[in-house]
Amino acid sequence: MKTLLLLALTVFAPCLAAQTQSAVAIHPLMQDWLREQEQQLELFFGVDATLDWYDDSDGMNAVAIPGKSQILVGSRLMRYHLLKAGRGVRSLRAILAHEYGHLAQERYPNNLSFAYRELHADLLAGYYLGRNGLVDASGFWVYANATFEIGDYDAGSFSHHGTPPERLACLMAGFRLAHLPLEEAFRVGTEFVENNF
Ligand SMILES: [Zn+2]
């Protein structure tokens, strides 16, 4: 199923340029892919959250809404990344993992400040990618580019997310924790961001 969806999205990608943002978001292939990501990310992070798209025509974005257990990914953001040859789907996976990481921060005890929460979510995204074998170490440019070229795909200003080198360092740190179970990686990751930034 995963391979079929990935193949379908690859075939789908060249047609994207002619489609509007909302047409991309509501396309059956995209909807199937989002459902698949939701199931995988819920299982991985041990959270129950609805993943849906929204109209981000006023600025590309993806957001986690802990109070509602909801992740919203912008239709413009999706289209933008899917048009990027060779890295679209992987970039979106990383962004979604960052957002689900914020919900995991609600689940596991921590005293992370807002700035640290962003870097910690980057670390959890790296952990997710590494734990699932979604990219190899040399493939981190995919996520880094996806994250840094947009800068602020999350709520708040860019400065809240840390600098690009800080974000990359956290991503790599998370990737290196892939051998640990989630709860331990979460705790070690918390110490990492608090002690290094
Ligand atoms: Zn964030």
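Before reading further, recall that the structure is shown in the block above.
The shown structure was predicted, so the numbers you read here are calculated from the model rather than taken from an experiment. Throughout, residues of each chain are indexed from 1 in the direction in which the sequence is written. In keeping with the model being predicted, local features are shown solely for residues with a pLDDT of at least 70 and side-chain atom pairs are shown and tallied solely at 80 or more, while totals for entire chains, interfaces and linings include all residues.

**Section: the overall build of the chain**
Line of reasoning, step 1. Helix and strand counts for the chain stand at 9 helices and 3 strands.
Line of reasoning, step 2. The order of helices and strands in the chain, counted from the N terminus, is α-α-α-β-β-β-α-α-α-α-α-α.
Line of reasoning, step 3. For the chain, the share of sequence-separated contacts (at least 6 apart) that also reach a separation of at least 24 residues comes to 66%. Each helix corresponds to a stretch of at least 4 residues labelled H or I by DSSP, and each strand to a stretch of at least 2 residues labelled E; elements are numbered beginning at the N terminus. By definition, residues are in contact whenever their C-beta atoms, placed on the basis of the backbone, come within 7 Å of each other.

**Section: the packing of helix H6 (residues 114–131) against helix H9 (residues 182–196)**
Line of reasoning, step 1. For helices, the fitted axis covers only the stretch in contact; all axes are lines through C-alpha atoms, and the angles between them, taken along N-to-C directions, range from 0 to 180 degrees. Look at H6 against H9: their axes get within 9 Å of each other, and the N-to-C directions meet at 135°. The angle between H6 and H9 places the two elements in the oblique class. Here H6 and H9 pass one another in a crossing that is right-handed. Residues Tyr 116, Leu 119, His 120, Leu 123, Leu 124 and Tyr 127 of H6 touch H9, and the partners they reach there are Ala 185, Gly 189, Thr 190, Phe 192, Val 193 and Glu 194.
Line of reasoning, step 2. Classifying every residue of the contact of H6 with H9 by side-chain character gives 8 nonpolar, 3 polar and 1 charged. In this scheme, roughly parallel covers angles under 35 degrees and roughly antiparallel covers those over 145, while 65 to 115 is roughly perpendicular and the rest are oblique. Crossings are sorted by hand: turned counterclockwise from the far helix by less than a right angle, the near helix makes the crossing left-handed, and turned clockwise it makes it right-handed. Polar here means any residue outside two lists: the nonpolar Ala, Val, Leu, Ile, Met, Phe, Trp, Tyr, Cys and Pro, and the charged Asp, Glu, Lys and Arg; Gly therefore counts as polar.

**Let's talk about H6**
Line of reasoning, step 1. Under the convention used throughout, the expected extent of a helix is 1.5 Å for every residue step, that is, one less than its residue count. Helix length check: H6 (18 residues) gives 25 Å between terminal C-alpha atoms against 26 Å at 1.5 Å per residue, within 8%.
Line of reasoning, step 2. Three classes are used. A residue is buried when 20 or more other C-beta atoms lie within 10 Å of its own, exposed when 12 or fewer do, and partly exposed in between, with C-beta atoms placed from the backbone. Within H6, 15 of the 18 residues are buried, which leaves it mostly tucked inside the rest of the structure.
Line of reasoning, step 3. Of the residues flanking the end of H6, it is Gly 133, one or two places downstream, whose phi is positive at about 65°.

**What about the packing of H6 against helix H8 (residues 164–176)?**
Relative orientation and spacing of two packed helices are given, respectively, by the angle between their axes and the distance between those axes.
Line of reasoning, step 1. Running from N to C, H6 and H8 point in directions that differ by 40°, and their axes come no closer than 6 Å. The orientation of H6 with respect to H8, classified from their angle, is oblique. The chirality of how H6 crosses H8 is right-handed. Together, Leu 119, Asp 122, Leu 123, Leu 124, Ala 125, Gly 126, Tyr 127, Leu 129 and Gly 130 of H6 and Glu 166, Arg 167, Cys 170, Leu 171, Met 172, Ala 173, Gly 174 and Phe 175 of H8 make up the contact between the two elements.
Line of reasoning, step 2. In the contact of H6 with H8, the residues fall into 11 nonpolar, 3 polar and 3 charged.

**Observations regarding H9**
Line of reasoning, step 1. The end-to-end C-alpha distance of H9, which contains 15 residues, comes to 21 Å, matching closely the 21 Å that a straight helix rising 1.5 Å per residue would cover.
Line of reasoning, step 2. Within H9, burial applies to Ala 185, Phe 186, Gly 189, Thr 190, Phe 192 and Val 193. The arc enclosing the buried residues of H9, seen along the axis, measures out at 165°, which places them on a common side. In H9, the exposed positions angled more than 90 degrees off the buried face are occupied by Glu 183, Glu 184, Glu 191 and Asn 195. Relevant arc is that of directions from the helix axis to the C-beta atoms, nothing else.

**A few points about the sheet that holds strand S2 (residues 62–65)**
Line of reasoning, step 1. Reading across from one edge, S1-S3-S2 is the order of the 3 strands in this open sheet, with mixed pairing throughout. Edge positions in the open sheet fall to strand S1 (50–54) and S2, since each of these has one partner strand only. Within the sheet, the average angular offset between the axes of one strand and its neighbour, ignoring direction, is 20°.
Line of reasoning, step 2. Where S2 and strand S3 (residues 70–74) come together, 4 bridges link them in antiparallel fashion. When the bridges of S3 are listed, Ile 65 appears paired with Gln 70.
Line of reasoning, step 3. On top of the sheet, helix H4 (residues 75–82) reaches S1, S2 and S3; it is set at about 55° to S3, its chief contact. Pairing between strands requires that DSSP locate at least two bridges from one strand to the other.

**Regarding the pairing of S2**
Line of reasoning, step 1. The two faces of S2 differ: Ala 62 and Ala 64 on one face are buried, but Val 63 and Ile 65 on the other face are not.
Line of reasoning, step 2. In this antiparallel pair of consecutive strands, S2 and S3, the connection spans 4 residues, and Ser 69 shows a positive phi of 50°.

**Some words on unusual backbone geometry**
Line of reasoning, step 1. The phi torsion at Ser 69 lies on the positive side, around 50°, for a residue other than glycine.
Line of reasoning, step 2. With respect to the helices and strands, the residue Ser 69 is situated in the loop between S2 and S3.
Line of reasoning, step 3. For Ser 69, a count of 14 C-beta atoms within 10 Å corresponds to the partly exposed category.

**Points about the environment of Glu 118**
Line of reasoning, step 1. The residue Glu 118 is located in helix H6 in this model.
Line of reasoning, step 2. Placed 19 residues apart in sequence, Glu 118 and Glu 99 show a C-alpha to C-alpha distance of 9.5 Å.

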